[in-house]
Amino acid sequence: MQKKVSLTGIKPTGIPHIGNYFGAIRPALELSKEYEARYFIADYHALNSVKDPHLLKEMVYEVAATWLASGLDPEKVLFYRQSDVPETFDLAMILMAFTPKGLMNRAHAYKSAVQENEQAGKDPDDGINMGLYTYPVLMAADILLFDTNVVPVGKDQKQHVEMAADIAQSLNRTVGKNLLVIPEAKISESTQTVVGLDGRKMSKSYNNTISLFLPSKKLHKTLMKIVTNSQGVEEPKDPETSHIFTLYKLFATPEQQKKLAQRYRAGGMGWGEAKQELFEVMDTYLAPMREKYYAIIDDKEHIDKILKEGAEKARQVAAHTLGRVRKAIGVNPLYR
Ligand code: ADP
Ligand code: TRP
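Residues numbered from 1 in each chain as written. Chains lettered and ligands numbered in written order. Predicted model: local features only at pLDDT ≥ 70, side-chain atom pairs only at ≥ 80, totals over all residues. Heavy atoms only, no water.

A. Seen up close, a negative patch on the surface. On the surface, D298, D299, E301 and D304 cluster together into a patch of negative charge. Residue position: D298 is located in the loop between helix 13 (271-297) and helix 14 (300-329). (Patch = residues over 30% accessible without salt bridge, like charges linked within 9 Å, V, L, I, M, F, W, Y side chains within 5 Å. Areas by Shrake-Rupley, 256 points an atom, 1.4 Å probe, with all protein chains shown as cover. Salt bridge = Lys/Arg side-chain N within 4 Å of Asp/Glu carboxyl O. Lys, Arg positive; Asp, Glu negative; His and termini not counted. Charge placed at Lys NZ, Arg CZ, Asp CG, Glu CD. Helix = DSSP H or I, 4+ residues; strand = E, 2+ residues; numbered from the N terminus.)

Here's what the structure looks like:
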C-alpha cells in the first residue's frame, strides 16, 4: 500500500523558536517515520512581510539549517524551498477561481490586521497587501500540489488547513471527481500552543519568543525575563499554573517533572530558582542541536546543494499533480 503524505512549511521570518520546534518541526519529523514526508521553506509567504532581499535570503538559510539540525534527513524527506517549485504558483492561480472571496474575509490573519487598523482609527485595509489577503490560497496550493493527507502544524494554522480542504472540495465538486486529496491538520495534543515569556502563545508577533539556538549565556538571560507573579520564595506554588513549569515539561523527563513539581508545592523555591532549573534542562536538550546548527549554517553551499536536489524531486511530483488539474479544468495540460 502507498504511504500517506505528510507535508508542512515554515516561513523564513527569523531563527525558529521553541514554539515552532515543538508545535511543527518535531511532530513533523516524528511523522516522517511513518509517512511520505514533504517539508519546505515558505519564502513566498514570508515575502508578504519581509521586503529586504538580503534578509529574506539569510532567513531561508536559517530555517533550512534549523530543519537539518533538528534531524531532517534529506535522503528520506523531500525537502525544498517553495519558490523553487513554480508549479505552486500555477496551481495557486487556478485555485483562486474556486475560492469564494468571503472565505478569505474570514481568514484570521487578515481579520486581525483589519481589526488592528480599525482600533487605530486607520483605513481597514491600511498596509494590507493582496499576498496577505490571499495567503490561504497559496497555502492551499502548497498542500494540494503534493496530494497531502496530513499537515502537522500548531493550532493557529488549523483554519488555513480547513480552508485548503474547502477549496479542494470545491474543485472536486466542479470537475466531478476526486481530483484533489482532502488534507487534514494534525495538531499534537501536548504542544498545540507553546507559551512564551509572558504566558501568551509564543509568537514572533508578540515579541515573547525563545529562539532555538541562543548561546547558553543569552538563553539564560532570556529565561530570566519570564514574567512571574509576586509570590515570595517561601510560598508553595502550583506547577500547573506556572508557565515556567509548562515550558519545563517540554524538556524534562517524567521523573524530573515529578521531582520539580514536588519542590514547587513544598514552598521554599523562588521563581529565580525555578527559572534556573528550566535553563538547565533546556540547555542540555538544545546544546547538541545548537552545535549542529552553527556547523550547518556555516556551509551555505551545502545547504544550496540540498535545496537544489530537493527542488528537482519536488518539481517532478508537482508537475504530475498540476498536469492532472490543468487537464481536468480544460486548459493545456502542459505538464505531465
Ligand atoms: P509565529 O507565530 O512565531 O510567526 P509561524 O506562524 O511562522 O510562527 O509558525 C510556524 C509553525 O510553528 C506553524 O506550524 C505554527 O502553527 C507553529 N507554531 C508557531 N507558534 C507556535 C506555538 N506557540 N505553539 C505551537 N506551535 C506554534
Ligand atoms: N502558514 C504557515 C505558517 O505561518 C506556513 C505555511 C505555508 C504552511 N504553507 C504551508 C504550513 C503549507 C503548512 C502547510 O506557519
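B. A look at the packing of aromatic side chains. This structure, assessed with the given rule, holds 15 aromatic pairs. For the pair F213 and Y293, a centre-to-centre distance of 4.3 Å together with 20 degrees between the ring planes defines the contact as stacked. Here F213 is found in the loop between strand 5 (184-186) and helix 10 (216-223), whereas its partner Y293 is found in helix 13, with 80 residues between them in sequence. Of the two residues, F213 and Y293, both sit in the buried class. (Phe/Tyr/Trp six-rings, centres within 6.5 Å; stacked < 30°, edge-to-face > 60°. Buried < 20%, exposed > 50% of the residue type's maximum accessible area, 1.4 Å probe, protein only.)

C. Just the site of ligand 1, in detail. Lining the immediate surroundings of ligand 1 are 18 residues, of which H17, G154, D156, V194 and K204 lie closest. In the environment of ligand 1, an oxygen atom lies 2.8 Å from a nitrogen or oxygen atom belonging to the backbone of G154. A distance of 3.3 Å is found between an oxygen atom of ligand 1 and a side-chain nitrogen or oxygen belonging to K201. Taking 540 Å² as the accessible area of ligand 1 by itself, protein coverage stands at 94%. Partitioning the shell around ligand 1 into residue classes produces four nonpolar, ten polar and four charged. (Near = heavy atom within 4 Å. Polar contact = N/O pair within 3.5 Å; in protein donor to acceptor, adjacent residues only side chain to side chain. Nonpolar A, V, L, I, M, F, W, Y, C, P; charged D, E, K, R; others polar.)

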